[in-house]
Amino acid sequence: MAERRTGKRFFFWAAVAGLVSGAVFLAVAELFALLLARTASPILAVGGFVIDIVPQPFKEFAIATFGEYDKIALLAGLGLAVVIASAIGGILQLMRPPLGVVVLVIAGALSTAAIVTRAGVSPLAFVPPVLGTVAGAVILVLLARRLQRWRTAATASVPAKSTPEPTTPPITKPSPTDMPKKTVADAQMGRRGFFALTAIAGVSAVVVGVASRVVSMTVSSVESIRKALTLPSPRSTVTVPDGAELDVPGLSPLYTPNKDFYRVDTALTVPTIDPDTWRLVIDGMVDQRVEMSFQDILDMGLDEYSITLTCVSNEVGGELVGSAKWLGVPIRDVLKKAGVKSDADMVLSRSVDGYTASTPLSSLTDENLDAILAVAMNGEPLPLEHGFPVRMVVPGLYGYVSATKWLTELKVTTFDQDEAYWTPRGYSAEAPIKFSSRVDTPKLGSAIEAGRTPIAGVAWAQSVGIERVEVSIDDGEWMPATLSTPVNDDTWVQWFVDWDATPGTHYVAVRAVNKNGDLQIEERAPIAPDGSSGWQRSLIRVN
Ligand SMILES: Nc1nc2c(c(=O)[nH]1)N[C@H]1C(S)=C(S)[C@@H](COP(=O)(O)O)O[C@H]1N2
Ligand SMILES: [Mo]
């Protein structure tokens, strides 16, 4: 009985030894990643690798389940995997040495591979995971040895009935009368040594690991560079006409504040780029390869553009759409510097983190379309998470085929030759925005009081413009909504209708007509492969 309890207890402490070694591995790797190569964090690199390889349906499931928390959910899952693997490694190291070390070295090798195969890594990026693996293995061996010593001595001091483990060194069974002082002393020493090292290594790992990660995420010198940056005044600014913004409580503002602007990208940590070292390369099917600095972009002269951005993952009625005033330069002028060959039909834009988007060349050279390289958003330099220092914005195309953040290369090419990040993952290579309309208020599912109530929302048809928005209540006649005065055809408009709400449950449907006279598509389509469609119909309860 005592024997079995003792055995269980050692399993438990072996698992703890494994966890401490795993923590030491990660902490040492985080510390050297902070010192040598910021992108060499094992957890983040493995997370990034997982993001890139998981099948599309799974990714959609994750976004649908966890929403904006999908990345946190991924990290929590990885953390759990690390805990389980470390605990198993600890138990293996006690029972079948050196299998625990083998588990740790495999984990180290996998994370090193994930790190060095990321785009744009430093040549020193292998150092942090390798040092982490070595440190973790040393701690694991030391802890397992102390635990073994404790166990051997403890098992010997308990009158043992069963045969000792095959791996334990042969022990001379003491006779119960002659209680071995030496064995008891050994057990105590092994036990004390084990706890002392567990505590020291465990606490240091947590402190060093957490501190390194926090420092690397918050004390971003690039954020202070960004804050200190003053951009030249634009040559032209957007004129917001009277009546462009309706005064209806609950309606989306005409311009989405940066802090509320939706964010969609594959980056687990936001890339931090010093604008001083940033370069844009324009290459591929061009007369001459051109390299531009941040200053070169500013020197072209900035103009202000008002453009609504939309994500292909926006469901009908969804929140993945927002409007901003951008400062930037036309992409066509940038491409002219390199000279585009006539047989090219696509520009593959690349981010520093390896993400790519395929944009039809014609959208970028069209004199009547404001496809821009943006450096500012709503009056401040681009926030880091929205692409600092330079991103693309193209009116009328979904973000994934046009709005590359942390831009570093424009490769002039063809759709035949090159493929963007999302193309092999279930999304179309080309994706114009399906124009749409959304109800903002009354909020779906929330009850309102009977009486006169505005129904209001936004509608967008970037590059074409919204002609009309219509609302139908309880499948009745379509009533024209009042529109705000449009800023331009690239920016959404607000709309409202006054409604005499009677008690009961009502159906509110909305649809838009664009300036080409096309009616918003009624048929529902999922977001993949090229964007959702359908009329939003919401149920509103009136008390
Ligand atoms: N580097 C990079 N740029 C990117 C993405 C990305 O994953 N990586 N996602 C794109 C997608 S899908 C959209 S909808 C827009 C979103 O821009 P926002 O996060 O500033 O709203 O950025 C685009 N640019
Ligand atoms: Mo997107």
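What counts and how
- Residues numbered from 1 in each chain as written.
- Chains lettered and ligands numbered in written order.
- Predicted model: local features only at pLDDT ≥ 70, side-chain atom pairs only at ≥ 80, totals over all residues.
- Heavy atoms only, no water.
- Phe/Tyr/Trp six-rings, centres within 6.5 Å; stacked < 30°, edge-to-face > 60°.
- Helix = DSSP H or I, 4+ residues; strand = E, 2+ residues; numbered from the N terminus.
- Buried < 20%, exposed > 50% of the residue type's maximum accessible area, 1.4 Å probe, protein only.
- pLDDT = per-residue confidence, 0-100.
- Contact = heavy atoms within 4.5 Å.
- Polar contact = N/O pair within 3.5 Å; in protein donor to acceptor, adjacent residues only side chain to side chain.
- Near = heavy atom within 4 Å.
- Areas by Shrake-Rupley, 256 points an atom, 1.4 Å probe, with all protein chains shown as cover.
- Nonpolar A, V, L, I, M, F, W, Y, C, P; charged D, E, K, R; others polar.
- Core = buried A, V, L, I, M, F, W, Y, C linked by side-chain atoms within 4.5 Å.

## Section: the packing of aromatic side chains
Phase 1: Considering all chains together, one arrives at 16 aromatic pairs under this definition.
Phase 2: With a centroid separation of 5.4 Å and 35° between ring planes, the pair formed by Tyr355 and Tyr421 is classed as tilted. Of this pair, Tyr355 sits in the loop between strand 5 (346-351) and strand 6 (356-360) while Tyr421 is found in the loop between strand 10 (407-413) and strand 11 (436-441), placing the two residues 66 residues apart along the sequence. For the residue pair Tyr355 and Tyr421, the accessibility class agrees, reading buried in each case.
Phase 3: Arranged with centres 5.5 Å apart and planes meeting at 80°, the rings of Trp422 and Tyr427 form a pair that is edge-to-face.
Phase 4: Classification of Trp422 by relative accessible area gives buried; the value is 15%.

## Observations concerning the confidence of the model for the protein chain
Phase 1: Averaged over every residue, the pLDDT of the protein chain is 89; the share at 70 or more is 93%.
Phase 2: A low-confidence stretch, residues 168-179 (pLDDT under 50), is modelled with nine contacts involving residues beyond four sequence positions or located in other chains.

## Here's the deal with the environment of Tyr262
Phase 1: One can find Tyr262 in the loop between helix 8 (221-228) and strand 1 (279-284).
Phase 2: The spatial distance from the C-alpha of Tyr262 to the C-alpha of Val130 is 37 Å, given a sequence separation of 132 residues.
Phase 3: Once residues within four sequence positions are removed from consideration, Tyr262 is found in contact with Leu309, Thr310, Cys311, Glu319, Leu320, Val321, Gly322 and His386.
Phase 4: For Tyr262, the side chain forms a polar contact with the main-chain nitrogen of Cys311, separated by 3.3 Å.

## With respect to the side chain of Arg511
Phase 1: Summarising the element assignment, Arg511 is placed in strand 17 (residues 504-514).
Phase 2: Among the residues examined, Arg511 registers a relative accessible area of 14% and is labelled buried.

## Examining the site of ligand 1
Phase 1: Around ligand 1 sit 19 residues in total, of which Tyr262, Thr266, His386, Arg391 and Lys405 are the nearest.
Phase 2: Note that an oxygen atom of ligand 1 is positioned 3.1 Å from one of the backbone N or O atoms of Val264.
Phase 3: In this structure, Thr266 approaches ligand 1 through a main-chain N or O atom, which is 2.9 Å from an oxygen atom.
Phase 4: Coverage of ligand 1 by the protein chains reaches 99% of its 530 Å² of free accessible surface.
Phase 5: Of the residues that constitute the shell around ligand 1, the class distribution is nine nonpolar, five polar and five charged.

## Thoughts on the nonpolar core
Note that soluble globular proteins tend to have their nonpolar side chains buried in a common cluster.
Phase 1: Formed by 62 residues in total, the largest nonpolar core has its most connected members in Leu280, Ile282, Leu373, Val375 and Leu410.
Phase 2: A total of four residues in this core trace back to one element, the largest contributor, which is helix 10 (residues 331-338).
Phase 3: Filtering out sequence-adjacent residues up to four positions away, Leu373 remains in contact with Leu280, Ile297, Leu327, Gly328, Val329, Ile331, Val334, Val390, Arg391, Met392 and Leu407.
Phase 4: If you look at the next biggest cluster of nonpolar residues, it comprises 22 residues, including Ala14, Val16, Val28 and Ala205.

## Quick word on the environment of Ile521
Phase 1: Tracing the chain through its elements places Ile521 in the loop between strand 17 and strand 18 (536-542).
Phase 2: Setting aside residues up to four positions removed in sequence, Ile521 forms contacts with Lys434, Ser533, Gly534 and Trp535.

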